[in-house]
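# Geometric and topological summary
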Amino acid sequence: MRDVAVIGVGQSEFGKFPWKSAAAMGAEAVKAALGDCGIPPRAIQVAYCARQYDANCTSQQILKEVGVRNIEMINVENACAGGSTAFRGVWKEIADGRYDVGIAMGVESMTTSPIAGKLISPEKDDLEGHIGMTMPAMFGMVARRQMEAGATLEDFARVSVKNHHNGCLNPQAQYKREFTVEEVLNSRMICDPITLLMCCPNTDGAAAAILCSMDVARRYTTQPIRVLGSALCSADYKYAQEDICASPVGVKVAKAAYEMAGVDPKDIDLVEMHDAFASEEILRYEDLLLCKPGEGIEFLRSGATAIGGRVPVNPSGGLLALGHPLSASGVRTVCEVVLHLRGQAGARQTPNAKVGLAQMLGGLVTNLEHGAVAGIHILAR
Amino acid sequence: MSEDAVPVKEGLFDETGGGRLLAGKCKACGRIFFPKAPFCFECLEKDMEEVVLSRRGKLYSYSIGRMASTHFPPPYAVGLVDLPEGVRVFAPLMSTVDLTYRIGMEMEVYIDELWKDDGKRVMGYKFKPVKGGD
Ligand SMILES: [Zn+2]
């Protein structure tokens with residue numbers, strides 16, 4: 001297996017743009033990634049694009065806008081981990097020696113999707129969905145269990161306060177506004193105890209990353225960022241999930257990624273992860289082995305995951321403030337980690353970052369663990 | 001069940017003794033699934049038998065929805081109830097006046113109208129707190 005580097009990253013504007021097509025947003029991200037490394041578009045040999053809603057041939061639709069055609073293009077869907085899946089797809093192609101240069105893309109137009117402004121509606125035969133199971137209800141029930149274990153409403157609010165603060169330092173964030181713990185707690189209740197400001201917003205946007213072999217990387221950059229570990233896995237049946245706060249598949253994927261990367265969790269300098277709900281971020285500290293099991297709340301309270309802490313989590317603002325175009329987020333988290341490893345993350349820079357981790361988890365499937373797929377990439381300079 | 005009523009899904013429950021949940025038990029390994037599984041998810045055995053679940057269990061967790069779901073106007077309560085057979089059931093909870101639920105509460109299943117569809121009452125299972133329970 002060959003070493004693979006990320007040489008170019010790009011993100012479109014994130015926000016609510018119902019008038020923008022997915023192809024237009026994707027092209028915005030791809031142009032940014034091409035400009036970031038200066039590689040000519042026709043050097044790209046393979047493309048993967050993740051998208052959950054509408055339109056077919058998303059890769060083709062995007063890449064024709066930048067002059068790329070006539071190459072292998074693959075379109076994928078894997079819930080919130082779609083972007084991680086696209087990134088991993090390109091990584092595999094290059095690591096296996098099939099191609100030397102590829103592009104991973106993720107794009108979503110949430111405001112024009114069938115779920116714009118409402119809860120995701122259940123499939124016809126999804127009994128639990130019809131009798132009231134939704135993502136916020138699930139995370140509401142999970143949050144109640146977290147509170148049994150000592151978490152407080154203020155802890156959940158503090159995650160949102162932290163990530164909104166980080167968003168203020170990121171010019172590309174959808175929301176650049178500070179909130180207080182009280183404001184988060186007093187925002188509209190969605191699913192008790194989850195309030196509006198504890199939920200990620202509806203976001204339109206795209207992200208792209210250009211990967212290549214180390215030989216090619218040296219031609220375009222003096223700062224190639226290496227992909228040390230890549231892992232992706234789907235969940236087990238739900239009956240096996242005794243504690244709904246834990247994500248068995250999340251832990252499994254984390255261990256696989258650390259082992260492949262040859263990296264200890266304590267060596268991770270920053271993390272970008274799936275904080276679709278503020279309460280969820282605390283659980284993922286434990287899944288990612290950033291702290292000991294059961295110590296996620298203490299880890300948050302210690303300030304370890306704030307910018308300037310031991311391991312900043314979601315310095316970009318995360319899904320909560322930067323925004324969450326579902327399939328784009330898995331690529332976007334990688335882009336953010338790359339910027340920190342290059343020392344280009346501006347006011348939110350993690351000092352002297354050497355190793356970073358990008359995680360995504362998502363999908364609600366009847367009879368499976370909630371979080372039906374998890375993907376993790378570990379990158380280093 | 002009265003003539004204007006239809007079950008939300010066939011074979012999941014009946015109204016005997018205030019309401020009972022009908023689960024599937026694997027004849028090979030004994031694992032019980034509710035709702036019934038088409039085969040045993042544990043050992044892949046296809047031979048499953050119907051078993052009746054206990055009517056009472058403990059509330060594992062809950063949430064109060066404050067935003068309309070597909071069929072329920074807010075506020076509505078949903079929860080997970082652990083039954084003695086080792087089965088965790090997701091179900092709507094009774095809309096009590098103050099919606100004060102507590103993890104660990106003793107709950108009991110009952111059959112109620114979930115919503116109306118085309119003039120028919122769609123019936124399903126819900127859980128309510130046991131009066132005087134712990
Ligand atoms: Zn079995």
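Residues numbered from 1 in each chain as written. Chains lettered and ligands numbered in written order. Predicted model: local features only at pLDDT ≥ 70, side-chain atom pairs only at ≥ 80, totals over all residues. Heavy atoms only, no water.

### Here's the deal with the overall build of chain A
Test applied: Helix and strand definitions follow DSSP, with helices as H or I runs of at least four residues and strands as E runs of at least two, each counted in order from the N terminus. Each radius of gyration is computed over the set of C-alpha atoms, and the globule rule expresses the reference value as 2.2 Å times the number of residues to the power 0.38. Exposure classes here rest on a 1.4 Å probe applied to the protein chains alone. A residue is buried below 20% of its type maximum, exposed above 50%, and partly exposed in between. Residue contacts follow a heavy-atom distance rule, with two residues in contact if any of their heavy atoms lie within 4.5 Å.
Helix and strand counts for chain A come out as 13 helices and eleven strands. In summary, chain A has a C-alpha radius of gyration of 19 Å against a globular reference of 21 Å for 381 residues, a match within 12%. Overall, the C-alpha framework of chain A stretches about 55 × 45 × 40 Å when taken along its three principal axes. Looking at the 381 residues of chain A, the share that counts as buried comes to 62%. By sequence separation, contacts in chain A at least 24 residues apart represent 77% of the contacts at least 6 residues apart.

### Points about the layout of surface pockets
It is the rolling of a water-molecule-sized probe over the atoms that shows where space remains empty. Residue and element names in this part refer to chain A. What counts here: Put simply, the grid is 1 Å and covers the protein atoms alone, a cavity is a trapped set of points that fit a 1.4 Å probe, a pocket is an open set with protein on both sides within 12 Å along at least five of seven lines, and lining residues have an atom within 4 Å of a point. Grid points are joined across faces, edges and corners, and a volume is the space filled by probe spheres set on the points. Following the grouping adopted for this structure description, the nonpolar residues are Ala, Val, Leu, Ile, Met, Phe, Trp, Tyr, Cys and Pro, the charged ones are Asp, Glu, Lys and Arg, and the polar ones are all others, Gly among them.
The computed volume of the second largest pocket comes to approximately 380 Å³. D243, C245, L283, E286 and G294 are the residues nearest the centre of the second largest pocket, which is lined by 18 residues in total. For the lining of the second largest pocket, the secondary structure elements donating two or more residues are α5 (135–148), α10 (278–287) and α11 (296–301). When residues in the lining of the second largest pocket are grouped by element, the largest group, four residues, is from α10. Residues of the lining of the second largest pocket, tallied by class, amount to ten nonpolar, three polar and five charged.

### Considering the pattern of salt bridges
Heads up, the rule is: Criterion for a salt bridge: a side-chain nitrogen of Lys or Arg within 4 Å of a carboxyl oxygen of Asp or Glu.
Enumeration over the complete set of coordinates arrives at 32 salt bridges over all chains. For R218(A), the salt bridge is made with D215(A), and the minimal N-O distance between the two is 3.8 Å. Here R218(A) pairs with D215(A), and both are found in helix α8 (residues 214–220), just three residues apart, close to one helical turn. Given a relative accessible area of 56%, D215(A) falls into the exposed group. One salt bridge connects E113(B) with R121(B), and the closest N-O pair in it is separated by 3.1 Å. Each of D155(A), R158(A), E298(A) and R301(A) takes part in salt bridges that share partners, so that together they form one network.

### Here's the deal with the coordination of the zinc ion
Residues and elements named next belong to chain B. Note the cut-off: A 2.8 Å cut-off from the metal defines N, O and S donors, relaxed to 3.2 Å for Na, K and Ca; water is not in the atom list, so some sites may appear incomplete. Only four donors with every angle between 85 and 135 degrees are called tetrahedral; only four or six donors with opposite donors over 155 degrees apart and all others between 65 and 115 are called square planar or octahedral, in that order; all others are irregular.
Around the zinc ion, the protein contributes the donor atoms C26 (SG), C29 (SG), C40 (SG) and C43 (SG), at 2.3 to 2.4 Å from the metal centre. Bound by four donor atoms, the zinc ion shows angles of 102 to 121° at the metal and therefore tetrahedral coordination geometry. All donors to the zinc ion come from one chain, and their sequence spacing reads C-x2-C-x10-C-x2-C. A residue pair is termed long-range when its members are at least 10 positions apart, and C26 in strand β3 (residues 20–26) and C40 in the loop between β4 (32–33) and β5 (48–52) qualify at 14 residues. The class of C40 is buried, set by a relative accessible area of 0%.

### Let's talk about the interface of chain A and chain B
Operational definition: Accessible area, probed at 1.4 Å, shrinks when two parts are joined; the buried area is that loss added up over both. In protein, a polar contact means a hydrogen-donor-capable atom and an acceptor-capable atom, both N or O and within 3.5 Å, with residues adjacent in sequence counting only if both atoms are side-chain atoms; elsewhere, any N or O pair within 3.5 Å suffices.
Taken together, the 28 residues of chain A in the interface contact 34 residues of chain B. Roughly 2,700 Å² of surface becomes buried between chain A and chain B when both sides are summed, with 65% attributable to carbon and sulfur atoms. Run the count over chain A and chain B and you get zero salt bridges. Between the two partners, chain A and chain B, sit eleven residue pairs in polar contact (both at pLDDT 80 or more). For the side of chain A that touches chain B, the leading source of residues is α5(A), giving six residues. For the side of chain A that touches chain B, the class distribution of residues is 13 nonpolar, seven polar and eight charged.

### Quick notes on the side chain of K20(A)
Here K20(A) shows up in the loop between β1 (4–11) and α1 (22–37). When near neighbours in sequence (up to four residues on either side) are disregarded, K20(A) contacts E13(A), M25(A), E28(A) and S109(A).

### A look at the domain arrangement of chain A
Residues and elements named next belong to chain A. As a reminder, the rule being used: The split of the chain into domains comes from an automatic or database domain assignment.
Segmenting chain A into domains produces domain 1 (4–115 + 204–225) and domain 2 (127–200 + 228–380). Each of domain 1 and domain 2 has a C-alpha centre, and these two points are 23 Å apart. Taken residue by residue, the interface counts 40 residues in domain 1 and 34 residues in domain 2. The contact between domain 1 and domain 2 buries some 2,900 Å² in all, and 66% of this surface belongs to carbon and sulfur atoms. Taken together, the connections running from domain 1 to domain 2 amount to one salt bridge. D36 is the partner of R342 in a salt bridge, and the nearest nitrogen-oxygen pair spans 2.8 Å.

### Some points on the environment of A207(A)
Residue and element names in this part refer to chain A. Locating A207 in the fold gives a position in strand β7 (residues 204–213). You can call A207 buried: its relative accessible area is 1%. Spatially, the C-alpha atom of A207 lies 8.7 Å from that of G83, the residues being 124 residues apart in sequence. Once you skip the residues sitting within four places of it in the chain, A207 turns out to touch G10, Q11, A29, A104, M105, G106, A328, V331, R332 and C335.

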